[in-house]
Amino acid sequence: MKKTTVLIVGLIAGAALLVQSCRTVKRTFEPDSPREIYKKALLDSKLADKPMIREWIQAGDSALYRPVETAIPHKATVTYFKDEPVAYSWKIEMKEGRILHARMSRTDTTHQVFLDLFALDDGEERTRITSAKDSLLHYKSDRTHTVLLRMQPELLVSGSLTLSLTDQPSMDFPVAGAGVGDIKSFWGAPRDGGARRHEGVDIFADRGTPVVAAAEGRVSRTGTSNLGGNIVWLRASGRSLYYAHLDSIIAGQRQRVQVGDTLGLVGNSGNARTTPPHLHFGIYDHGAVNPFPFIDAPSATADNPSVDPSLLGAWGRVQNAKANIRPLPSTQDPPVTSLNRYAAVRILGATGAWYQVELPDKRRGFVHGSLLEPADRPLATVTTASGDSLFEHFSTRHPLLVTAPPADLSTVANYGNKQLVRYRNRLLWMVSSR
């Protein structure tokens, strides 16, 4: 008996090890994303030890830890610069049963822009799910969870693009000629005086309206029950679809059906005898799940940004006495910081009536479009003294040059103890030696 027990335990352990090994092998042979292929090429090149390579990799990695929370539909225009690696990311709550579509639109297609989708698991681990192909990314969500979408251009390129996010149901509507507006009772509604909850949606239609397959599959069971009356169970996409209260059943058991094939006719059989004819539609996957996202209407497409597109990629400045920098393009959350008049911001992108900006100290946020103006009109003229330092970047420790003879420079904005000045048709940061 003991030998048998040991043998069984050994077989179970061996099987578990085999399964784990297979999973490991599967992960090992998953194809690299276009960004990973590009990254490996950089690290294998003669430029591998250059700071710009490390900065590009770091920009992509860190973007996954500072995403912009957004909801579908969404549309944003973003810019990128050849003198500074940049990456963007968005945090999206995906519902089970929805298909995400992400599309990048750009005029310059001579360089690569990488678009990758990650699952945010356990609040920390970021696991790549899929990557874009030809500027398009599609993802069918088999669970309700949080995903991160990251966009990053290749090194040493400048440009802009518009990202559009939409979604659609993963199944067709189960009643012919009906739509979301015909659903009158939803998931979770109380039943039997609150003793139980509604595990589906009720779609009202005329008696005899065709009830159709919402997905390709096989009829696993037909019959009658006290609760559902005339019922059909359809096995599709790894789930069981439940059609109840039918007036009559048309599909045969074990019949293979395509999307739109008629399974039965709308009625009010079972415990729905006192209600108008309707279909009770449910989905089960190791228990009941909310079917609404599976059949809800496709999202609309978000409007294009309404702000001035000519400012994208340029330096701007606050034109009011004060401007709040928000973490999201909304006034609902408290500001990240507040800036005074003429403070400089680099305008990275736009969504709706908001600009996405980066402050000179590298913090990012959103500011309403009405609060900014281009940093082009001179505010004042400053005369440099010998020893004044000019910097290409705000945070750079080593100056691009140190002025020798006095020169008159136009100030266009400021931030902290530095002024943004125009020097020989370039915008540089100046720190006075005085």
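Below you will find a few notes about this structure. Values in this document were obtained by computation on a predicted structure and should not be read as measured data.

Procedures and definitions
Residues numbered from 1 in each chain as written. Predicted model: local features only at pLDDT ≥ 70, side-chain atom pairs only at ≥ 80, totals over all residues. Heavy atoms only, no water. Phe/Tyr/Trp six-rings, centres within 6.5 Å; stacked < 30°, edge-to-face > 60°. Helix = DSSP H or I, 4+ residues; strand = E, 2+ residues; numbered from the N terminus. Buried < 20%, exposed > 50% of the residue type's maximum accessible area, 1.4 Å probe, protein only. Pairing = 2+ DSSP bridges. Contact = heavy atoms within 4.5 Å. Axes fitted to C-alpha atoms, helices over the stretch in contact; angles between N-to-C directions. Parallel < 35°, antiparallel > 145°, perpendicular 65-115°, else oblique. Left-handed = near helix turned anticlockwise from the far one by under 90°. Nonpolar A, V, L, I, M, F, W, Y, C, P; charged D, E, K, R; others polar. Arc of directions from axis to C-beta.

Let's talk about the packing of aromatic side chains
In step 1: Tallied over the full model, the rule gives 12 aromatic pairs.
In step 2: Relative to F114, the ring of W56 has its centre 6.3 Å away and its plane inclined at 80°; by these criteria the two rings are edge-to-face. Of this pair, W56 sits in helix α3 (residues 51-63) while F114 sits in strand β5 (residues 113-121); the two residues are 58 residues apart in sequence, bridging distant segments of the chain.
In step 3: We classify W56 as buried; its relative accessible area is 1%.
In step 4: The exposure class of F114 is buried, given its relative accessible area of 4%.

Things to note about the sheet that holds strand β6 (residues 125-131)
In step 1: Read from one edge to the other, the open sheet built from five strands follows the order β1-β3-β8-β5-β6, with strand pairing classed as mixed. A single partner strand is all that each edge strand has here, and the edge strands are β1 (68-69) and β6.
In step 2: The pairing of β5 with β6 spans six bridges and is antiparallel. Counted as the bridge partner of D116 is S131 from β6.
In step 3: Here helix α2 (residues 34-43) sits on the sheet and contacts β5, β6 and β8 (145-153); the angle it forms with β5, its principal contact strand, is near 115°.
In step 4: Running at roughly 155° to β8, α3 makes contact with β3 (88-94), β5 and β8 of the sheet.

A look at the packing of α2 against α3
In step 1: It is at 11 Å that the axes of α2 and α3 come closest, and there the two elements cross at 155°. As far as their axial angle goes, α3 and α2 are roughly antiparallel. Crossing handedness for the pair α2 and α3: left-handed. Contacts between α2 and α3 pair R35, Y38, K39, L42 and L43 from the former with I53, W56, I57, G60 and D61 from the latter.
In step 2: Looking at the contact of α2 with α3 residue by residue, the class counts come to six nonpolar, one polar and three charged.

Considering α2
In step 1: Residues of α2 that are buried: R35, Y38, K39 and L42. One side of α2 holds all its buried residues, which, seen down the axis, span an arc of 100°.

Geometric descriptors of this kind do not, in isolation, establish any biological role.
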